[in-house]
Amino acid sequence: MSENKWKKRIHYVLKAAKHFGDEPYMDFFLEREVNPLLLEFKQNGSGVPDKKVMLIRENGNGWGFFAEVRAMLAKMVFAERFGLTPYIEWGSAFLYTEKQLVNGTHNAFEYYFKQPNGMTKQDVLESSYVTESKSAQGVVIEREFKRDTYEMTAEYQSKLAEMYRKYIRLNEKTEKMIQNDLKDIFDNSKVLGVHFRGTDYKAGYQNHPVAVQIEQTITQVKKSLEKNIFQKIFLATDEKNAVERFEKEFPGKVFYFQDVYRGEGNTSVAFSQSDRPNHHYRLGYEVLRDMYALAACDGLVAGLSQVVNCARIVKESSGKEYDTLCIINNGINVNGKQFAK
């Protein structure tokens, strides 16, 4: 460590010791970490003087792909409220980040999406006003609309759909891949989307939805087929047994992506980097593709999940709505296992 860094650290310790017991001073520094309304700006340079940039980072801590997306959209609501321009950077704490470059970038958001407003990292590095997001800012917006981690009011869904419509665009490579993967499923047929979450949901993790049973899903699919005419069923699932059961119950109607690993019942497999190059990127693409496929369906049957929430957000952002919508809610695990990466 350089001499200057040591001097800085010693100065910091001495300054903290000097103010030990100084309650207003201590409160001020502690509040900087948690108060969502306290915005601190850095002047990185003299460029981009007409914009105040909010650098929105990932929450991390093992959050799934669409939990991060939903938190990001909430922070965008916050940014708009204060006239801030969002720039998204998902780094090493994001669950789907690779160690190596993907699509020419280390920013996992840019694996799949274009930056809002066409901003670049260089713009941020040269901006006159830059503030970094806090997790609490997303929480403030969530609480304002009075819903838990999984449920959304219609008003909140519309607000997040507005953010998605305004700021979120797939990059050219991802858009081309998704369009190519969806073309064989989505033609002129009416498609009922079904999202069945097996494997990890069955473990009963704390604060995650109580697992939906396959019988519940099939019952609701049959009711949807009785009420509406659907020529196809698109099934998004991580469980091989669910695919087999659906094909037995609805022969000739079931479509799904073939290139996804599906566990047997309660089993899931974590592949190493040597087994599957760009493993995390590929998993991120698969769940993103599932979400866009579900958003493209004419009807939807699903349990509570962030994938389904974002499909509904994207559906509304396109100015469309589902012909039939059934969300199976078995509640949230309150005494379950702790989730660990």
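Just so you know, these numbers come straight off a predicted model, no measurement behind them. (Residues numbered from 1 in each chain as written. Predicted model: local features only at pLDDT ≥ 70, side-chain atom pairs only at ≥ 80, totals over all residues. Heavy atoms only, no water.)

(A) Just the nonpolar core, in detail. With 62 residues, the main nonpolar core has Phe65, Met72, Leu73, Phe113, Tyr164, Leu288 and Met291 as its most contacted residues. Residue contributions to this core peak at ten residues, all from helix α3 (residues 65-81). Filtering out sequence-adjacent residues up to four positions away, Leu288 remains in contact with Phe65, Phe66, Tyr112, Phe113, Leu170, Thr174 and Ile178. In this structure, Val212, Ile218, Val221 and Phe246 belong to the second largest nonpolar core, which totals 19 residues. (Core = buried A, V, L, I, M, F, W, Y, C linked by side-chain atoms within 4.5 Å. Buried < 20%, exposed > 50% of the residue type's maximum accessible area, 1.4 Å probe, protein only. Helix = DSSP H or I, 4+ residues; strand = E, 2+ residues; numbered from the N terminus. Contact = heavy atoms within 4.5 Å.)

(B) Quick look at the packing of aromatic side chains. Per the stated rule, a full pass over the model turns up 18 aromatic pairs. Residues Phe109 and Phe113 carry aromatic rings whose centres are separated by 5.0 Å and whose planes lie at 25 degrees to one another, so their mutual orientation is stacked. Considering the side-chain rings of Tyr111 and Tyr281, the 5.9 Å spacing of their centres and the 80 degrees angle between planes classify their relative orientation as edge-to-face. Of this pair, Tyr111 sits in helix α4 (residues 109-112) while Tyr281 is found in helix α11 (residues 279-296), placing the two residues 170 residues apart along the sequence. (Phe/Tyr/Trp six-rings, centres within 6.5 Å; stacked < 30°, edge-to-face > 60°.)

(C) Highlighting the packing of helix α7 (residues 154-167) against helix α12 (residues 306-317). Where α7 contacts α12, the axes come no closer than 8 Å and their chain directions differ by 70 degrees. Between α7 and α12, the crossing angle belongs to the class labelled roughly perpendicular. Both α7 and α12 take part in a crossing whose hand is right-handed. Note on element contacts: α12 touches α7 through Arg312, Ile313, Val314, Glu316 and Ser317, opposite Gln157, Ser158, Leu160, Ala161, Tyr164 and Arg165. In terms of residue class, the contact of α7 with α12 is made up of five nonpolar, three polar and three charged. (Axes fitted to C-alpha atoms, helices over the stretch in contact; angles between N-to-C directions. Parallel < 35°, antiparallel > 145°, perpendicular 65-115°, else oblique. Left-handed = near helix turned anticlockwise from the far one by under 90°. Nonpolar A, V, L, I, M, F, W, Y, C, P; charged D, E, K, R; others polar.)

(D) Region of interest: the sheet that holds strand β2 (residues 85-89). Across the sheet, three strands lie side by side as β2-β1-β3; this open sheet has parallel pairing. Of all the strands in the sheet, the pair left with one neighbour each is β2 and β3 (127-132). The mean angle between the axes of side-by-side strands here comes to 30 degrees, regardless of whether they run parallel or antiparallel. Pairing of strand β1 (residues 47-57) with β3 involves five bridges; the strand directions are parallel. (Pairing = 2+ DSSP bridges.)

(E) Here's a closer look at the packing of helix α9 (residues 214-227) against helix α10 (residues 240-249). Direction vectors running N to C along α9 and α10 enclose 35 degrees, while the axes themselves pass 11 Å from each other. Here α9 and α10 pass one another in a crossing that is right-handed. Here Ile214, Glu215, Thr217, Ile218, Val221 and Lys222 of α9 lie close against α10, whose contacting residues are Ala242, Arg245, Phe246 and Glu249. Of the residues assigned to the contact of α9 with α10, the class counts are five nonpolar, one polar and four charged.

(F) Just the pattern of salt bridges, in detail. Across all of its chains, the model carries 19 salt bridges by this definition. For Glu162, the salt bridge goes to Lys159, with nearest N and O atoms at 3.7 Å. Here Glu162 and its partner Lys159 are both found in helix α7, three residues apart, which amounts to about one turn of the helix. Judged by relative accessible area, Lys159 falls into the partly exposed class, the value being 28%. Residue Glu286 pairs with Arg282 through a salt bridge whose shortest N-O separation is 3.4 Å. Residue Glu286 and its partner Arg282 are both found in helix α11; the two are separated by four residues, about one turn of the helix. Judged by its relative accessible area of 22%, Arg282 falls in the partly exposed class. Through salt bridges with shared partners, one network takes in Asp181, Asp259, Arg282, Glu286 and Arg289. (Salt bridge = Lys/Arg side-chain N within 4 Å of Asp/Glu carboxyl O.)

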